[in-house]
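Summary of structural features
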Amino acid sequence: MSGQPERCYAVEELKSLQSSIADLTQSMVIQRARVEKYKDTDLAAARDNFSLLQAVRRKLAEAIGKARLFLMEAEEYQNAKTAAMLQAGLLRFDLMSNVYRPVYDAIQDFIKKFPVDGTANAAVIGRLMNNVRLGYYPTDPDNISLILRGIQFPEEVTTNLFDPCCGCGKALRQLAQGNHCYAYGVELDESRAEEAQTRLHRVGFGSFFFSQISQEAFHLLFLNPPYLSVLNESGSRARHEKRFLIESLPHLMYGGLLVYVIPYYRLTPDICRVLADNFEGLTVWRFTDGEFKKFKQIAVMGLRKRRADVPENALWLEKYTVDPAKIPSLTELPEGQYPLPAHPLGVKTFKGERFNEKELERQLRHCDSFAQLMARSELDKGVKRPLLPLSISQIGLIGGSGMINGLIQCDTPHIIKGRIIKVTRMESEERYASNGKHIGSEIHETISNKMIFNVLTPHGFRALT
């Protein structure tokens with residue numbers, strides 16, 4: 001460990017975007033000047049430079065759009081609103097206009113307000129970093145109740161629920177309780193995983209990405225991935241919203257329900273594309289006002305489908321990031337809107353990344369290997385009699401092994417017990433030189449086994465060696 005401090009992912013990304021937006025804005029002005037230079041003398045060159053100007057504008061608009069998401073995460077809401085206005089205005093801007101100065105100045109003023117180089121609200125960044133270290137955002141139980149109302153569980157069929165980042169297991173337990181479900185979770189943090197074991201049927205310890213879990217084995221996938229990250233001396237760390245979605249999706253059966261909880265501003269085009277291609281009946285619901293104000297969370301719900309050859313339209317999902325006020329509240333989710341498939345499924349494989357004693361205990365209870373190992377064979381049953389009389393050496397081996405260990409019924413009944421002890425014997429060997437002179441002695445130590453039979457007779461105790 002180098003001891004270098006962690007830095008907030010959003011702030012570091014804004015610092016990089018600040019530089020990129022400045023360069024792209026300057027490049028836009030330069031490309032416009034080149035178009036002006038060649039428009040009367042070299043039409044082909046002017047056309048090429050105009051194409052480059054269009055490409056630069058597109059990249060600049062995308063960079064401003066990315067900055068808006070990170071400004072939302074850093075709770076710079078006014079700057080995020082400015083970003084949305086700038087992005088929309090830039091895309092409408094007439095590139096052949098001669099009035100570039102106001103656009104340039106507006107963008108420069110915008111990036112100067114980024115929360116970087118000590119300009120960030122220290123309290124906000126401190127809270128973000130604390131939340132990162134906590135590692136997860138537990139889903140509000142009141143909003144879980146609203147989500148639960150929209151799910152219709154089948155009668156007389158046990159359904160499997162799965163949460164690949166289950167935390168303490170409270171959310172999944174609330175969904176499963178009383179609905180004839182088996183609840184499965186995976187949790188990276190060991191203390192939270194141990195707590196989850198008190199609430200869920202099975203919990204895998206360690207990273208979900210290195211766990212072994214059956215595919216298409218779950219009726220419902222509840223996914224509330226961590227969405228804050230840090231950068232440290234090892235470099236950047238990828239965000240998890242998309243990775244969790246893509247890698248957990250195969251575990252959900254076709255027709256199974258996804259409940260995907262993320263901040264609304266993380267409905268980025270790539271995530272919207274994954275959702276639209278793999279789910280039908282998609283709806284988006286905003287958490288209730290108090291909770292939405294704190295974390296800006298939404299619940300995306302949909303039933304898994306097979307991917308079509310033609311990509312589905314995802315633009316309607318992306319529009320929710322522009323105006324979250326248009327997202328309906330979870331209080332409006334109709335009761336029983338999403339029925340789970342009435343098809344029983346088995347989870348043949350469920351292994352976390354790390355060794356889990358309780359999970360091993362559960363597996364051993366359902367395994368007959370120990371019973372087979374401890375079962376007495378037919379040879380161990382009943383009275384055993386030798387085919388031929390035993391020799392004295394065989395009697396010694398049997399006695400030393402403890403098999404002669406109890407009451408001997410005969411004319412003079414007695415109790416006998418055999419055992420073997422170690423005996424050390426020291427021997428001295430005198431040594432002489434070739435001329436017959438005594439030059440010393442050599443000690444040899446010999447360790448041998450000695451057999452002892454302790455016999456208890458009516459006339460007292462005897463020891464036989």
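Thresholds applied
- Residues numbered from 1 in each chain as written.
- Predicted model: local features only at pLDDT ≥ 70, side-chain atom pairs only at ≥ 80, totals over all residues.
- Heavy atoms only, no water.
- Helix = DSSP H or I, 4+ residues; strand = E, 2+ residues; numbered from the N terminus.
- Buried < 20%, exposed > 50% of the residue type's maximum accessible area, 1.4 Å probe, protein only.
- Lys, Arg positive; Asp, Glu negative; His and termini not counted.
- Salt bridge = Lys/Arg side-chain N within 4 Å of Asp/Glu carboxyl O.
- Polar contact = N/O pair within 3.5 Å; in protein donor to acceptor, adjacent residues only side chain to side chain.
- Contact = heavy atoms within 4.5 Å.
- Pairing = 2+ DSSP bridges.
- Phe/Tyr/Trp six-rings, centres within 6.5 Å; stacked < 30°, edge-to-face > 60°.
- Lys NZ or Arg CZ within 6 Å of the ring centre and 35° of its normal.
- Axes fitted to C-alpha atoms, helices over the stretch in contact; angles between N-to-C directions.
- Parallel < 35°, antiparallel > 145°, perpendicular 65-115°, else oblique.
- Left-handed = near helix turned anticlockwise from the far one by under 90°.
- Nonpolar A, V, L, I, M, F, W, Y, C, P; charged D, E, K, R; others polar.

1. Details of the side chain of Asp163
The residue Asp163 is located in strand β3 (residues 159–163) in this model. Buried within the structure, Asp163 lacks any salt-bridge partner; its nearest side chain of opposite charge belongs to Arg192, at an N-O separation of 10 Å. Among the polar contacts listed, one links the side chain of Asp163 to the backbone nitrogen of Cys165, at a separation of 3.0 Å. Leaving out residues up to four positions away in the same chain, Asp163 has contacts with Leu172, Tyr184, Gly185, Val186 and Phe222.

2. Things to note about the pairing of strand β17 (residues 460–464)
The pairing of strand β16 (residues 438–457) with β17 spans 5 bridges and is classified as antiparallel. In the sheet register, Phe453 faces β17, and the bridge partner there is Leu464. Hairpin geometry of β16 and β17 is characterised by an intervening segment of 2 residues between the two adjacent antiparallel strands.

3. Here's the deal with the environment of Ala74
The residue Ala74 is located in the loop between α2 (43–73) and α3 (77–92) in this model. Accessibility expressed as a relative area gives 2% for Ala74, which makes it buried. For the pair Ala74 and Val11, spaced 63 residues apart in sequence, the C-alpha separation works out to 7.3 Å.

4. Digging into the packing of aromatic side chains
In this structure the tally under the stated criterion is 13 aromatic pairs. Geometrically, the ring pair formed by Tyr184 and Phe218 is edge-to-face, given 5.3 Å between the ring centres and 80° between the ring planes. Of this pair, Tyr184 sits in strand β4 (residues 181–187) while Phe218 sits in strand β7 (residues 218–223), placing them 34 residues apart in sequence. Ring pairing ties together the aromatic residues Phe162, Tyr184, Phe208, Phe209, Phe218, Phe244 and Phe350, which thus form one cluster. The ring of Phe209 carries the charged tip of Arg243 above its face, separated from the ring centre by 3.7 Å. Between the NZ or CZ atom of Arg286 and the centre of the ring of Phe292, over which it lies, the distance is 5.6 Å.

5. Details of the packing of α2 against α3
One way to put it is that α2 packs onto α3 with a least axis distance of 8 Å and a crossing angle of 165°. Comparing their axes, α3 and α2 come out roughly antiparallel. By crossing handedness, the relation of α2 to α3 is classed as left-handed. Facing α2, whose interface residues are Arg57, Leu60, Ala61, Ile64, Gly65, Arg68, Leu71 and Met72, α3 presents Tyr77, Asn79, Ala80, Ala83, Ala84, Leu86, Gln87, Leu90, Leu91 and Arg92. Among the residues forming the contact of α2 with α3, the class breakdown is 12 nonpolar, 3 polar and 3 charged.

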